[in-house]
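Commentary on secondary and tertiary structure
Next come the chains, spelled out residue by residue.
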2 protein chains.
Amino acid sequence: MRQSEFLYKTYKENLQEETAKSANLLFRAGFIEKVGAGIYNFLPLGFRVLENIKTIIRQELNKIGAQEFLLTALHPKENWVKSGRWESFDVLFRLKSQLEKEYALGPTHEEIIFPLMKKIIQSYRDLPRAVYQIQTKFRDELRAKSGILRTREFLMKDLYSFHRDNDDLEAYKNKVDQAYLRIFKQVGLEPIKTKASGGTFTSGFSTEFQVAAEAGEDLIYRCPVCREAWNEEVSQSNRCPRCQVEAETINAIEVGNTFNLGVKFSEIFNLVYNDNVGQTELVWAGCYGIGLPRVLGAIAETNNDDKGIIWPKSVAPFPIHLLVLYSNQTKIDQKLKLVAEKLYQTLSLEVEILYDDRLTSSAEKLAEADLIGLPLRLVLSQKSLEKNQVEFKERKKQKIILKPWREVKTEVRRWLNSSNN
Amino acid sequence: MRQSEFLYKTYKENLQEETAKSANLLFRAGFIEKVGAGIYNFLPLGFRVLENIKTIIRQELNKIGAQEFLLTALHPKENWVKSGRWESFDVLFRLKSQLEKEYALGPTHEEIIFPLMKKIIQSYRDLPRAVYQIQTKFRDELRAKSGILRTREFLMKDLYSFHRDNDDLEAYKNKVDQAYLRIFKQVGLEPIKTKASGGTFTSGFSTEFQVAAEAGEDLIYRCPVCREAWNEEVSQSNRCPRCQVEAETINAIEVGNTFNLGVKFSEIFNLVYNDNVGQTELVWAGCYGIGLPRVLGAIAETNNDDKGIIWPKSVAPFPIHLLVLYSNQTKIDQKLKLVAEKLYQTLSLEVEILYDDRLTSSAEKLAEADLIGLPLRLVLSQKSLEKNQVEFKERKKQKIILKPWREVKTEVRRWLNSSNN
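What you see is a predicted model; the values in this text were computed from it and never measured. (Residues numbered from 1 in each chain as written. Chains lettered and ligands numbered in written order. Predicted model: local features only at pLDDT ≥ 70, side-chain atom pairs only at ≥ 80, totals over all residues. Heavy atoms only, no water.)

**Quick notes on helix α8 (residues 292-302) of chain A**
Buried residues dominate α8(A), accounting for ten of its eleven residues. Of the residues making up α8(A), those classed as buried are A:Leu292, A:Pro293, A:Arg294, A:Val295, A:Leu296, A:Gly297, A:Ala298, A:Ile299, A:Ala300 and A:Glu301. (Buried < 20%, exposed > 50% of the residue type's maximum accessible area, 1.4 Å probe, protein only. Helix = DSSP H or I, 4+ residues; strand = E, 2+ residues; numbered from the N terminus.)

Shown next as structure tokens:
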């Protein structure tokens, strides 16, 4: 992608009244645009990161037998009245059609998936099933804050699983927990599996996946010995109940959660199955969420320096940033341009390249490249051209390495194939 | 995918009070579930078709330089007041937050994209730009009807383009029109490019892409000589103004549209650029939509027989349906099972297979396969096993062809690579 044609814009100033580092970095680097409190557009750079996160989530969920589908965002009021959450769900957006029909805007989908599964599940042969969607959720937050970490509208992956009994459900929930750990590690985060409350979903506990970050609005405790972690909402004691030592106190961002719903919603929506001896039994169910903009925000929040974002290779909008630096912007060096164009064409056959082909000053190009933060930067300048070389620099490292022109393709391939994120 | 584990359900009966063939076929074959009037869930089968349509759209739009991003679905009221469409847009869903902040639910995105582009476009160097999203749109239809052809919530691809002048805009609109024709042909439709009114988007004409179908709610005329077509809303005369012959009258489904917006929204949102001689000029813009469930519905509406749907290969949820037919369901033939399992494993390395591994009667399996309508059906039975053969049948043809076991993989590859949709 030629930067001269790419839809983006960078800023020198932070967002007004915004303190979260990730929000300011993502705004200044042209990944997001703020429309209003808790409402954001994702520009092509941000969209690309979301898509890469989606791909990783899909791969891991498909591996554990989950099937993708798409549920409605408009929920008939009666479904929420039936579950008792029309009144009790504190961030529910409610609206009315011109025909006076009332809807909720889906903040979660138990009220839709359980009636659907009631039509599909009849016998024990129809179990277990796991199904997920990646869809926009709406939550009428009183205080939207921390940029894209808590918004009124956000992409969420929500997975639901259905089982014959609690053992089968717990075994599957454990698989999901493991898949979540793999997902978060792949996108460049260090997830902390945390015991938390069940909210309106279950009277039992839930599992949260937290990422340590100052901007995080959750406070969690973690035992330095057994590494168990718990949210302050379940116990405000900073002493590990098992090891009897003082726990670390950590500010953290919740990027995912997994719930054993038990038979709560199956009772409400009468979701039952016939077992193999002719008895009718309630279906056991779990639900599992990942907020995609939260993940994106947590990556930016924990991968940056004073110059900008440092994207992990796995989710970067483009893996490689190619810059051509003209010493004279009014009279450009045609030979340098030709070599840069050829390098862009050659490398584009291997991988998507962001190519800064603009007639902008070198200082501005280099500063913007650091701000956007693509993992590998290649620079062509008059100086490197004279030596038939290209500058290689990884965003996360300081060192600049000069590579002969003829080795560039091989070096790029080697770098792309390295497991190093 | 093993059918015994696949999330789907077929029905013998049509939807209640539904006359559209596509809605009934898609419901009975387990592609969609109706939640309420104009509100549908897409089950894995339906979701997979939507994803395939998305892939084709993305390929064609990327080819004409459009970049993908994602805008907000919640629109601040003030944006719609500014455009004058808060009151005039007849199917606008309006809602209020608990903080009494008012929003529209995006039925289209001019009110969001123009303020965004105002931040990005400054000079003639920032033009042209084309950007699109694939996102859920909300429309408060008085009469949701014809199943997924007119709904209150639907996935839409909306593309917006920005230009220095009308010539550049018209040239790009022509590129989009050509891309649309390619998209609709690839998904198995026969698009009719049709002159139509501009609605609330422009005082000029728009271009619609229509598909002939009885369930279509549009009435269009097409000249049998020059092949020009127009919507009755622009001229109710069934006489071609150019050729002076009687036009065909066609019921049709509108699957896409393209608009030259002129400078209408640029004036409202003050979207201007500095040209290369220091003058400030208004930006010329176009918008271009494709309704994905409409496309899916139009395909089902025009590709079926009395047994069910006939999916084009390009968008089918799975290209191949493998059935194993047991003559005795209570005492299954272990050798037949072994061969079927091996065939499933082998073919799954080539392509995604839906494998009916259930202990269901042959008649039921065959009827369900026809109803779901995957393009190629492979059948293994006691009879074919004895001859070391596999039955090949294309859904759109009557003929069953027997192929020796050892040729199956080659035959499947040949079929997959054939351009035949």
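**Some details on the pattern of salt bridges**
Enumeration over the complete set of coordinates arrives at 64 salt bridges over all chains. A salt bridge links A:Arg395 to A:Asp370, with the shortest nitrogen-to-oxygen separation between them at 3.8 Å. One end of the pair, A:Arg395, is in the loop between β22 (389-394) and β23 (400-404); the other, A:Asp370, is in helix α10 (residues 362-372), with 25 residues separating them in the sequence. For the pair A:Arg395 and A:Asp370, a shared accessibility class is recorded, and that class is buried. Here B:Arg150 makes a salt bridge to B:Glu141, at a shortest N to O gap of 3.0 Å. Residue class for B:Arg150 comes out partly exposed when judged on its relative accessible area of 22%. Residue B:Glu141 is classed as buried on the basis of its relative accessible area of 11%. (Salt bridge = Lys/Arg side-chain N within 4 Å of Asp/Glu carboxyl O.)

**Details of the pairing of β23(A)**
Pairing analysis gives five bridges linking β22(A) to β23(A), with the strands arranged antiparallel. Counted as the bridge partner of A:Lys393 is A:Ile400 from β23(A). (Pairing = 2+ DSSP bridges.)

**Structural notes on the environment of A:Asn421**
Residue and element names in this part refer to chain A. Among the secondary structure elements, Asn421 is positioned in the segment after α12 (408-417). Here Asn421 falls in the partly exposed class, since its relative accessible area comes to 34%. C-alpha of Asn421 to C-alpha of Leu116: the two residues are 305 residues apart in sequence and 40 Å apart in space. When sequence neighbours within four positions are dropped, the list of residues in contact with Asn421 reads Lys185, Gln186, Val187, Gly188, Pro312, Lys313, Ser314 and Lys396. (Contact = heavy atoms within 4.5 Å.)

**Observations concerning helix α9 (residues 334-348) of chain B**
Residues and elements named next belong to chain B. The first and last C-alpha atoms of α9 sit 21 Å apart over 15 residues, in line with the 21 Å expected at 1.5 Å per residue. Taken together, the buried positions of α9 are occupied by Leu336, Val339, Ala340, Glu341, Leu343, Tyr344 and Leu347. Buried residues belonging to α9 abut β19 (320-325), β20 (353-356), β21 (376-381), α11 (382-386), β22 (389-394) and α12 (408-417). (Expected span 1.5 Å × (residues − 1).)

**Here's the deal with the nonpolar core**
By size, the foremost hydrophobic cluster in this structure holds 64 residues, and its most contacted members are A:Phe31, A:Ile53 and A:Trp311. Two domains share this core, each providing at least three of its residues, namely domain 1 (21-305) and domain 2 (318-417) of chain A. Core analysis: the next-biggest nonpolar cluster, separate from the first, contains 63 residues, B:Tyr40, B:Ile56, B:Ile309 and B:Ile372 among them. (Core = buried A, V, L, I, M, F, W, Y, C linked by side-chain atoms within 4.5 Å. Domains from an automatic or database assignment.)

**With respect to the packing of aromatic side chains**
Going through the model one piece at a time under the given rule, you end up with 31 aromatic pairs over all chains. Judged by centre distance (5.5 Å) and plane angle (75 degrees), the rings of A:Phe114 and A:Phe162 are edge-to-face. You can see A:Phe114 sitting in helix α5 (residues 110-120) and its partner A:Phe162 sitting in strand β8 (residues 153-163), a full 48 residues away along the chain. Each member of the pair, A:Phe114 as well as A:Phe162, carries the same accessibility label: buried. On the numbers, 6.0 Å between centres and 35 degrees between planes, the contact of B:Tyr221 with B:Trp230 is tilted. Of the two residues, B:Tyr221 and B:Trp230, neither departs from the other in class, the shared state being buried. An aromatic cluster is built from A:Phe114, A:Phe162, A:Phe265 and A:Phe269, whose rings are joined through pairwise contacts. Across the ring face of A:Phe205, the terminal group of A:Lys195 is positioned such that the distance to the ring centre comes to 4.2 Å. (Phe/Tyr/Trp six-rings, centres within 6.5 Å; stacked < 30°, edge-to-face > 60°. Lys NZ or Arg CZ within 6 Å of the ring centre and 35° of its normal.)

**A closer look at the sheet that holds β23(A)**
Across a sheet, paired strands are connected by hydrogen bonds in the backbone, their directions being either parallel or antiparallel. Residue and element names in this part refer to chain A. Taking strand neighbours across the sheet as the criterion, the five strands line up as β20-β19-β21-β22-β23 in an open arrangement whose pairing is mixed. Every interior strand has two partners, whereas the edge strands, β20 (353-356) and β23, have only one. Between one strand axis and the next, the sheet turns by 25 degrees as a mean value, whatever way the strands run. Sheet topology note: the strand β19 (residues 320-325)/β20 ladder contains four bridges and is parallel. Residue pairing in the sheet places Leu323 in a bridge with Asp356 of β20. Along the sheet face, α12 touches β19, β21 (376-381), β22 and β23 and points at about 15 degrees away from the line of β22. (Axes fitted to C-alpha atoms, helices over the stretch in contact; angles between N-to-C directions.)

**With respect to the domain arrangement of chain A**
In many analyses, interface size is given as the accessible surface area lost on bringing the parts together. All names here are of chain A. Once the domains are mapped, chain A shows domain 1 (21-305) and domain 2 (318-417). Residue-level contacts link seven residues of domain 1 with five residues of domain 2. Where domain 1 abuts domain 2, roughly 600 Å² becomes buried across the two surfaces, and 56% of that area is made up of carbon and sulfur atoms. Sorting the residues of domain 1 by area buried against domain 2 places Leu45, Arg48 and Asp305 first, and these three jointly supply 60% of that buried surface. In this structure, the connection of domain 1 to domain 2 is made through two salt bridges. Between Glu352 and Arg48 there is a salt bridge; the shortest N-O distance is 2.9 Å. Viewed at the interface, domain 2 and domain 1 are joined by two residue pairs in polar contact (both at pLDDT 80 or more). Taken together, the elements giving at least two residues each to the side of domain 1 that touches domain 2 come down to α1 (21-28) and α2 (44-63). Along the lines of polarity and charge, the residues of the side of domain 1 that touches domain 2 split into four nonpolar, no polar and three charged. (Buried area = accessible area lost by both parts, 1.4 Å probe. Polar contact = N/O pair within 3.5 Å; in protein donor to acceptor, adjacent residues only side chain to side chain. Nonpolar A, V, L, I, M, F, W, Y, C, P; charged D, E, K, R; others polar.)

**Thoughts on the interface of chain A and chain B**
On the side of chain B, 56 residues touch chain A, which itself brings 56 residues to the contact. Summed over both partners, the interface of chain A with chain B comes to about 4900 Å²; 61% of that surface belongs to carbon and sulfur atoms. There are two salt bridges connecting chain A and chain B. Inspection of the region where chain A meets chain B yields 26 residue pairs in polar contact (both at pLDDT 80 or more). Partitioned by chemical class, the residues of the side of chain A that touches chain B number 33 nonpolar, seven polar and 16 charged.

**Describing the relation of the copies chain A and chain B**
Aligned on chain B, chain A shows an RMSD of 0.0 Å; the corresponding rotation is 180 degrees and the shift along the axis is 0.0 Å. Expressed as an axis order, the relation between the two copies is that of a two-fold axis. Across chain A, the smallest distance between a C-alpha and the rotation axis is recorded for A:Leu95, namely 2.7 Å. Of the residues that chain A buries at the interface, 100% are likewise interface residues in chain B, meaning the two copies contact each other through the same surface. (Least-squares fit on C-alpha atoms with pLDDT ≥ 70 in both.)

**Examining the pairing of β20(B)**
Side chains of β20(B) alternate between two faces, with B:Ile353 and B:Tyr355 and B:Leu354 and B:Asp356 buried alike. At this point the chain moves from β19(B), through α9(B), to the parallel β20(B), and the crossover so formed is right-handed. (Right-handed = clockwise from strand over helix to strand, strands pointing away.)

**Notes on the side chain of A:Thr136**
Tracing the backbone through its elements, the reader meets A:Thr136 in strand β7 (residues 129-138). Setting aside residues no more than four positions away along its own chain, A:Thr136 makes contact with A:Gly106, A:Glu153, A:Phe154 and A:Leu155.

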